[in-house]
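Report on the structure
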Amino acid sequence: MASVLIVAGGRTLAPRALPGKANCDYLTCEILQVRPILASFALSNYDLRQLRIFLKVVECGGVSAAAYRLGLSLSTVSRDLSALEKRLGIHLCRRGRSGFTLTPQGEDVHRAAVRLFSELQSFEQTIQTTRQTLGGGFNLGIIDNVVTNPEARIVAAIREMHRLFPDMLINVSVHAAPMIEVQVRERRIDIGVTAQPERLAPLEYAPAFVEEHRLYMSARSPHLQATRRAVCQQADGDGAGIPYISRDFRTDSFHDFEWRYKLDVVARASTLESILAAALAGIGCALLPAHFVRTVGESDLVEIATPCTPLPVQFFYVFRRDAANRRAIDALLNAFRG
């Protein structure tokens, strides 16, 4: 009798001859249950969580490093990775004393997972943009006296935003430099302008404009001539200390200047207005933005030229990567850049 094997619907039908019909061609079949072939795979939130952990394990090159980065226990990450392998029916990686490596199947899953989350992020951003109304409020945070810098284009950008979104309430607030990124991270402001980036993890930074700082002193200061001589003499490796008004928060270029010169700190201040007041009082010299001095004190302050000045200070736009109102942020960035 010819042997016949029928497979249908995940079941194997094994042939069996009818009783007393050993030489006939009539067959009957008994149903044998076999393991069904995976026909579909519906992702759940739990699957997505395990895939994210898998991606982090690959990124970090091992389970221990991934657990540390994720703030989870080693057993939790290992358990989730094993559960994902069981769920997929695929051995994803080899891990042990010899190190961490992906299997060929694991490499395929990794590439697919990267594409998956990229598409998910694109989808979420599209939905956020689509749902965003042109009304509501938008919060811009800046440090003091940036508005007076024509390179910052603050006024022009706000004007353009009002033209694009006439129903949007645009709030502009002034903050101390160290607080800009904190306010953005906590979603209290949508975009900030700062020159002292701390590079916080959930934030994105885009180069803005460059502000020029020079060394100024009151034209009526009793220390003016002595300060000029000291600057010249220190350039030659000698000279007395320079009476200096220091600010509480400084950029790296300020640190370089202060390291090069012998400075006698006669006052400290946290805002440009307070630094300007101390400089106009004649008690010392200070690094101030050139545009600011032209606006408020050019007739009363004189520049003390040094080999290190003018100091260029790079400013940045800072905003959250997952900002819900990304459409307005993109519009404002375009307005800033003209």
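Scroll up for the structure.
Residues numbered from 1 in each chain as written. Predicted model: local features only at pLDDT ≥ 70, side-chain atom pairs only at ≥ 80, totals over all residues. Heavy atoms only, no water.

What follows deals with the overall build of the protein. In terms of helices and strands, the protein carries 11 helices and 14 strands. Across the 338 residues that make up the protein, the buried fraction comes to 39%. Within the protein, contacts between residues at least 6 apart in sequence are counted, and of these 62% link residues at least 24 apart. In the structure as shown, the protein presents an accessible area of about 19500 Å², 53% of it carried by carbon and sulfur atoms. (Helix = DSSP H or I, 4+ residues; strand = E, 2+ residues; numbered from the N terminus. Buried < 20%, exposed > 50% of the residue type's maximum accessible area, 1.4 Å probe, protein only. Contact = heavy atoms within 4.5 Å. Areas by Shrake-Rupley, 256 points an atom, 1.4 Å probe, with all protein chains shown as cover.)

Here we come to the side chain of Glu258. Looking at where Glu258 falls in the secondary structure, it is placed in helix 8 (residues 252–260). Within the local environment of Glu258, its side chain forms a polar contact with the side chain of Tyr244, the two groups lying 2.8 Å apart. (Polar contact = N/O pair within 3.5 Å; in protein donor to acceptor, adjacent residues only side chain to side chain.)

Attention shifts here to helix 6 (residues 177–185). Helical geometry note: an α-helix holds 3.6 residues per turn, so side chains three or four residues apart project in the same direction. Turning to helix 6, its buried residues are Ala177, Ile180, Glu181, Gln183 and Val184. Projected down its long axis, helix 6 carries its buried residues within an arc of 160°, all on one side. Here the buried face of helix 6 lies against strand 6 (137–142), strand 8 (191–194), strand 9 (203–218) and strand 14 (311–320). Backbone geometry just downstream of helix 6 places Arg187 in the positive-phi region, at approximately 65°. (Arc of directions from axis to C-beta.)

The next point concerns helix 2 (residues 63–70). Among the residues of helix 2, those classed as buried are Val63, Ala66 and Ala67. Buried positions in helix 2, seen along its axis, are confined to an arc of 100° and lie on one side of it. Residues Ser64, Tyr68 and Arg69 are exposed on helix 2 and point more than 90 degrees away from its buried face. In this structure, the buried side of helix 2 is in contact with helix 1 (45–60), helix 3 (74–88) and strand 4 (93–96). A positive phi of about 75° marks Gly71, the residue just after helix 2.

Moving on, we come to unusual backbone geometry. Going from Thr309 to Pro310, the amide bond is cis rather than trans, its omega being 5°. You will see that Asn145, though not glycine, has its phi angle at about 65°, which is positive. With respect to the secondary-structure elements, Asn145 resides in the loop between strand 6 and helix 5 (154–164). The class of Asn145 is buried, set by a relative accessible area of 17%. Even without glycine at this site, Arg153 takes up a positive phi of about 55°. For Arg153, the location among the structural elements is in the loop between strand 6 and helix 5.

Bringing the pattern of salt bridges into the picture now. One pass over the full model with this rule turns up 14 salt bridges. Of the charged contacts in the structure, one is a salt bridge between Arg214 and Glu212, with a shortest N-O distance of 2.9 Å. Taking the relative accessible area as the measure of exposure, Glu212 reaches 35% and is therefore partly exposed. Linking Arg326 and Asp330 is a salt bridge whose minimum nitrogen-to-oxygen distance equals 3.0 Å. Highlighted residues: Arg326 and Asp330, both in helix 11 (residues 326–337), separated by four residues, approximately one helical turn. In this structure Arg326 comes out as partly exposed when scored by relative accessible area, which is 23%. (Salt bridge = Lys/Arg side-chain N within 4 Å of Asp/Glu carboxyl O.)

Describing two packed helices takes the angle between their axes plus the distance from one axis to the other. In contact at an axis separation of 8 Å, helix 2 and helix 3 are set at 115° when each is read in the N-to-C sense. Between helix 2 and helix 3, the crossing angle belongs to the class labelled roughly perpendicular. Here the hand of the crossing between helix 2 and helix 3 comes out right-handed. On helix 3, the residues touching Val63, Ser64, Ala67 and Leu70 of helix 2 are Leu74, Val77, Ser78 and Leu81. Across the contact of helix 2 with helix 3, the residue classes tally to six nonpolar, two polar and no charged. (Axes fitted to C-alpha atoms, helices over the stretch in contact; angles between N-to-C directions. Parallel < 35°, antiparallel > 145°, perpendicular 65-115°, else oblique. Left-handed = near helix turned anticlockwise from the far one by under 90°. Nonpolar A, V, L, I, M, F, W, Y, C, P; charged D, E, K, R; others polar.)

Looking at the element boundaries, Thr306 is found in the loop between strand 13 (301–303) and strand 14. Polar side-chain contacts of Thr306 include one of 2.8 Å to the side chain of Thr309. Those residues within four positions of Thr306 in sequence are excluded, and the remaining contacts are Leu215, Val231, Phe257 and Tyr261.

Right, let's talk about the pairing of strand 14 for a bit. Extensive coverage of strand 14 is indicated by the burial of eight of its 10 residues. In this structure, strand 8 lies alongside strand 14, joined through three bridges in antiparallel fashion. Pairing of Gly192 across the sheet is with Val318, part of strand 14. One ladder, built from nine bridges, connects strand 9 with strand 14; its direction is antiparallel. Bridge assignment links His213 to a residue of strand 14, and that residue is Leu311. (Pairing = 2+ DSSP bridges.)

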